[in-house]
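Breakdown of the fold
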Amino acid sequence: DPSAGEILIDGISLRDYTLQMRMVGFLRHLYPQVHVTLHAGELVPGLVKPEDLSFHIREAVDIAEVDRVGHAVDLEHETGWQALAERMRRRGVLVESPLTSNCQILRACGPGEHPLPTYLRHGVPVALATDDPGVSRSSITADYRHAVESFGLTYPQLVDSARESLEHAFLPGPSLWAGSVGEDLVLPCAGEAPGARPPSTACEAYLDHSPKAATQWDHEAALQHFESTHTTRS
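Residues numbered from 1 in each chain as written. Predicted model: local features only at pLDDT ≥ 70, side-chain atom pairs only at ≥ 80, totals over all residues. Heavy atoms only, no water.

1. Observations concerning the confidence of the model for the protein chain
Taken residue by residue, the protein chain gives an average pLDDT of 92. The fraction at 70 or more is 94%. Counting interchain partners and residues more than four positions distant, the pLDDT-below-50 stretch residues 1–8 has three contacts. (pLDDT = per-residue confidence, 0-100. Contact = heavy atoms within 4.5 Å.)

Structure, rendered in structure tokens:
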């Protein structure tokens, strides 16, 4: 039995990782409409041999062709990691980043140990996450606080994280955003304030046919309410 705090790395998982990614990639092409998210790169030096830090995120992205990747902590140990980060940015592969979990399990607690600032610097979409809040005794609020206190994320970066989370949610229908998340709205809603009540007739019709866009619109309404409630008045 492992002692308290000891992390066990399964040898079969390491041995068969590439095969597993090929299996997911094969199924991905058979069922292209099915979204894929995988945990990959939840590793740091000392847990595995150096060579085992060099390919997990890359194969999840390039072979399994994931839409999202969870943790992805060993980025800068991956072979050709700069090019990998660029591919993730270009393809819009989201990183699910559970900061509290990564700190507790991997001791990757700040910018010196965790690649969150690197992902943001390279334009890779990131969503803050919790990862087993019942185990870590955490919450999304705690992870947002961790992002601010340990990584220095700004309020606009927190807003971006929440928007990216919805943009990459596996909800049916097209997005509310025409291009970059948080910038231009799709044509039926263009020129309106995101989250405005009520939306125009054309925009409302678009939202009625897209659960994703409708959820994003509701989020923008909640965001506007939050900001109007908590903005300091001089």
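2. What to know about the pairing of strand β1 (residues 37–40)
Note that β1 and strand β2 (residues 68–71) share four bridges and pair parallel. For L38, the partnering residue across the bridge sits in β2 and is V69. Viewed along the sheet, the connection from β1 through helix α3 (residues 56–62) into β2 turns out right-handed. (Pairing = 2+ DSSP bridges. Helix = DSSP H or I, 4+ residues; strand = E, 2+ residues; numbered from the N terminus. Right-handed = clockwise from strand over helix to strand, strands pointing away.)

3. A closer look at the state of the cysteines
Disulfides are covalent bonds that link the sulfur atoms of two cysteine residues. Scanning all chains against the criterion turns up two disulfides. Residue pairing for C103: its cysteine sulfur links by disulfide to C109, the two sulfurs lying 2.1 Å apart. Disulfide C103-C109: the torsion about the S-S bond is 85°, which places it as right-handed. Linked covalently through their sulfurs, C189 and C203 form a disulfide whose S-S length is 2.0 Å. (Disulfide = S-S within 2.5 Å.)

4. Side note on the environment of A202
Among the structural elements, A202 can be located in helix α10 (residues 201–208). In this structure A202 comes out as partly exposed when scored by relative accessible area, which is 45%. In sequence terms A202 and T79 are 123 residues apart; their C-alpha atoms lie 48 Å from each other. (Buried < 20%, exposed > 50% of the residue type's maximum accessible area, 1.4 Å probe, protein only.)

5. Side note on unusual backbone geometry
Put simply, R197 and P198 share a cis peptide bond, and its omega is -10°. Turning to its location among the elements, P198 is positioned in the loop between α9 (155–167) and α10. The backbone of E65 sits at a positive phi, close to 55°, despite the residue not being glycine. Relative to the helices and strands, E65 is located in the loop between α3 and β2.

6. Let's talk about the nonpolar core
Considering soluble globular proteins, one finds that nonpolar side chains tend to be buried as a cluster. Among the nonpolar cores identified, the biggest contains 31 residues, and I57, V61, V66, V69, M88, V95 and Y119 are the most heavily contacted of them. Put simply, the parts of the chain that give this core at least two residues each are α2 (17–30), α3, α4 (81–91), α6 (116–121), β4 (126–128), α8 (140–151) and α9. Here the element with the most residues in this core is α4; it accounts for four residues. Among all residues touching V61, those that are not within four sequence positions of it are V66, L84, M88, R91 and V93. (Core = buried A, V, L, I, M, F, W, Y, C linked by side-chain atoms within 4.5 Å.)

7. Looking at the packing of α8 against α9
Axis separation between α8 and α9 bottoms out at 11 Å; the angle between their running directions is 140°. As judged from the angle between their axes, α8 and α9 are oblique. The handedness of the crossing between α8 and α9 is right-handed. Contact with α8, carried on its side by Y144, A147 and V148, involves L158, S161 and A162 of α9 and no other residues of that element. Counted by class, the contact of α8 with α9 contains five nonpolar, one polar and no charged residues. (Axes fitted to C-alpha atoms, helices over the stretch in contact; angles between N-to-C directions. Parallel < 35°, antiparallel > 145°, perpendicular 65-115°, else oblique. Left-handed = near helix turned anticlockwise from the far one by under 90°. Nonpolar A, V, L, I, M, F, W, Y, C, P; charged D, E, K, R; others polar.)

8. Thoughts on the sheet that holds β2
Read across the open sheet, the four strands follow the order β1-β2-β3-β4; overall the sheet is parallel. Unpaired on one side and paired on the other, β1 and β4 mark the two borders of the sheet. Each neighbouring strand pair of the sheet contributes to a mean axis angle of 25°, computed without reference to strand direction. Note: β2 against strand β3 (residues 94–97), three bridges, orientation parallel.

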